[in-house]
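Residues per chain are reported as follows:
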Amino acid sequence: MINNELRIGFVGFGEAGYHIAKGLRGRIRAGVLEQGTVNTLIKSGVGERLQQQGLVHHGIELSFSGRRHRINMHELTGGRAITVYGQTEVVKDLIKARLDANAALYFEVTDTSIHDFETHDPRILFRHNGQPHEIHCHFIAGCDGFHGICRPAIIGRLQVFERTYPFGWLGILAESTPPSEELIYCHHERGFALFSMRTPNITRLYIQCAPDDHIANWSDNRIWEELSTRLHAGGDLELKEGPILQKGITPMRSFVVEPMHWGKLFLAGDAAHIVPPTGAKGMNLAVADVRVLSRALATYYQSGQTELLDAYSATCLRRVWRAEYFSWWMTSLLHQFPDATPFHEKLQLAELEYVIHSRAAATALAESYSGLPFDI
Ligand SMILES: Cc1cc2nc3c(=O)[nH]c(=O)nc-3n(C[C@H](O)[C@H](O)[C@H](O)COP(=O)(O)OP(=O)(O)OC[C@H]3O[C@@H](n4cnc5c(N)ncnc54)[C@H](O)[C@@H]3O)c2cc1C
C-alpha cells in the first residue's frame, strides 16, 4: 500500500512520537514528569487524566548515613513541582488522542526501514498485518527509541558520546503502599535504592545491582530484604510488602549522538540520547525534543522558513547535555562504584552533606530535578 498524503512520517510510538510502532509492551519505565512536560501535555490536549490522576510532589528525600533529608523543591525553585504519572499512561493518552483524531496509526509493524531522507522524497517502508506499506513524506521523525532503526541508518554521519556504568537497576512494581508520599533516593553502603510510586497503592522500587545480574538470582524475599536494609526501614518508615507485579534489570548508560538530524530525518528522544534514570530525565527530554521539532515544522509550513529546522539539533542538544550532566552527577553521587576507594566514598558523603546544608547546592539539585524551563 502506498500512502502519499503524509507530511511527517513518525517511526516509533513512545513519548517522542506516534505513528508507526513496532509494538507496545507493558514496559514500566518513566514516572517522573517535569513541570514543562506536564504543561506541554496539557496544552496538547492530552492532559485530562494526567491532571486527575497524577501525583504532584513538591519535594524529594535524600537518605544517607542512616538519616533522611527533604529537598523542598517547591520553595527552592519558586513554586515548581514534579508529577508522578506512568509512562504507560502517557502513551495510552497519546494513542487515544491519535485514534480520536482518526489519524493514521499502525501497531505491531515489522520490517521497518527508512529511505531517501537526503532527497525531497523520503520514504518509510514496513509491513503491517503481513502487507507491505510505503509512506512518502516530507520529513521523517525518528522516535523509535534506543534500539530502533532510524539512528543506525545514519550512524556513519554521527559523532557518538557514550559512557556505560558498572551497575544496573533491578526495578519492581508492587501492589503495596509506598513507604513515603515523596520519592526517597538512598545512598547506602550496599548500593543505591530508590523508593518511588505509581499510585497511592502501587510502589515502584529500584535497587542497584551488578550490570550482568540475572533476575532469577532475585527471589521476592531477597528483594524485599535488600530494600528494607537500604531504606533503614524500621525507624519512622515502614516498608510494606505486597505482590510483585513486575520485575526487571536495566543497564545504565549515558549516550548522545550529534547532530540529531540528517537531511530530512530528525531523531528525537532515546533514538538520539540516553541518560541513566537516576535524574528521571529521559522521557522529559523526549517530550522537549518533539516540542522543538513541532514548532520548527509548524514555522516551516506557515512561512517556508527553515531556520528553526536547521537549528533543531543545536537547540535540543543544549538541554540534552544539561540533562546528561545532571543524570551523571546524581548517578555518581548516589551509587556504589565497584572500583571506589574509601577516599571516594568519603567524597560522596561530603558532597551529600553539602547538598543538604547549602541552600545554593540544594537549589541546584531542585532546579535540575524539577526541570529546566522549556523556553531555553
Ligand atoms: C527504569 C527506568 C526508569 C525511568 N524513569 C524515568 C522518569 O522517571 N522520567 C523520565 O523522564 N524518564 C525516565 N526513564 C526514561 C524513559 O523511559 C525514556 O527516556 C523514554 O521512554 C524515551 O521515549 P522515546 O519515545 O524516545 O522511546 P521509547 O519509549 O523507547 O519508544 C520507542 C518506540 O518505538 C518503537 N519502535 C522501535 N523500533 C521500531 C521500528 N523498527 N519500527 C517501528 N517502531 C519501532 C518501540 O516499539 C516504542 O514504542 C526511565 C527509564 C528506565 C529504564
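Before reading further, recall that the structure is shown in the block above.
What this report covers is the structure whose coordinates are included nearby. (Residues numbered from 1 in each chain as written. Predicted model: local features only at pLDDT ≥ 70, side-chain atom pairs only at ≥ 80, totals over all residues. Heavy atoms only, no water.)

1. Notes on the packing of aromatic side chains
Phase 1: Counted by the stated rule, this structure contains 17 aromatic pairs.
Phase 2: Relative to Tyr-301, the ring of Phe-139 has its centre 6.3 Å away and its plane inclined at 85°; by these criteria the two rings are edge-to-face. One end of the pair, Phe-139, is in strand β13 (residues 139-142); the other, Tyr-301, is in helix α7 (residues 282-303), and 162 residues separate them in sequence.
Phase 3: For the pair Trp-169 and Phe-192, a centre-to-centre distance of 5.3 Å together with 20° between the ring planes defines the contact as stacked. Residue Trp-169 is located in strand β14 (residues 159-175), and its partner Phe-192 is located in the loop between β15 (184-186) and β16 (193-199); the two are separated by 23 residues in the primary sequence.
Phase 4: Given the relative accessible area of 3%, Trp-169 is considered buried.
Phase 5: By relative accessible area, Phe-192 is classed as buried at 0%.
Phase 6: Members of the aromatic cluster, connected to one another through ring pairs, are Trp-169, Tyr-185, Phe-192, Tyr-206, Phe-326, Trp-329 and Tyr-369. (Phe/Tyr/Trp six-rings, centres within 6.5 Å; stacked < 30°, edge-to-face > 60°. Helix = DSSP H or I, 4+ residues; strand = E, 2+ residues; numbered from the N terminus. Buried < 20%, exposed > 50% of the residue type's maximum accessible area, 1.4 Å probe, protein only.)

2. So, the nonpolar core
Phase 1: Counting 40 residues, the largest nonpolar core has Ile-114, Ile-124, Ile-140, Leu-265 and Leu-267 as the members making the most contacts within it.
Phase 2: For this core, the secondary structure elements donating two or more residues are β11 (123-128), β13, α5 (150-154), β18 (244-258), β20 (265-267), α7 and α9 (312-334).
Phase 3: The next biggest cluster of nonpolar side chains, apart from the first, holds 34 residues, and it includes Val-32, Ile-60, Leu-352 and Tyr-369. (Core = buried A, V, L, I, M, F, W, Y, C linked by side-chain atoms within 4.5 Å.)

3. Re the sheet that holds β16
Phase 1: Pairing within the open sheet is mixed, and its 8 strands lie in the order β8-β7-β15-β16-β17-β14-β18-β21. What marks the edges here is a single partner per strand, and that holds for β8 (67-71) and β21 (273-274).
Phase 2: Bridge count for strand β7 (residues 60-64) against β15 is 3 bridges, and the pairing is parallel. Across the sheet, residue Glu-61 finds its bridge partner in β15, namely Ile-184.
Phase 3: Here helix α6 (residues 220-231) sits on the sheet in contact with β14, β15, β16, β17 (202-209) and β18, set at roughly 85° to β17.
Phase 4: Sheet contacts for helix α10 (residues 342-357): β7 and β8; angle to β7, the most-contacted strand, approximately 145°. (Pairing = 2+ DSSP bridges. Contact = heavy atoms within 4.5 Å. Axes fitted to C-alpha atoms, helices over the stretch in contact; angles between N-to-C directions.)

4. Some points on α7
Phase 1: Spanning 22 residues, α7 covers 32 Å between terminal C-alpha atoms, matching the ideal 32 Å at 1.5 Å per step.
Phase 2: Of all the residues in α7, the buried ones are Met-283, Asn-284, Leu-285, Ala-286, Val-287, Ala-288, Asp-289, Val-290, Arg-291, Leu-293, Ala-296 and Leu-297.
Phase 3: Two residues or fewer past α7, Gly-304 is found with a positive phi of approximately 80°. (Expected span 1.5 Å × (residues − 1).)

5. Some points on the pattern of salt bridges
Side chains carrying opposite charge are able to pair once their charged atoms draw close together.
Phase 1: Applying the stated rule across the entire model yields 18 salt bridges.
Phase 2: Arg-319 is paired through a salt bridge with Glu-34; the nearest N and O atoms lie 4.0 Å apart. With Arg-319 in helix α9 and Glu-34 in the loop between β5 (32-33) and α1 (35-43), this pair connects stretches of sequence that are 285 residues apart.
Phase 3: For Glu-34, a relative accessible area of 3% translates into the label buried.
Phase 4: The salt bridge involving Glu-226 is made with Arg-190; its shortest N-O contact spans 2.7 Å. (Salt bridge = Lys/Arg side-chain N within 4 Å of Asp/Glu carboxyl O.)

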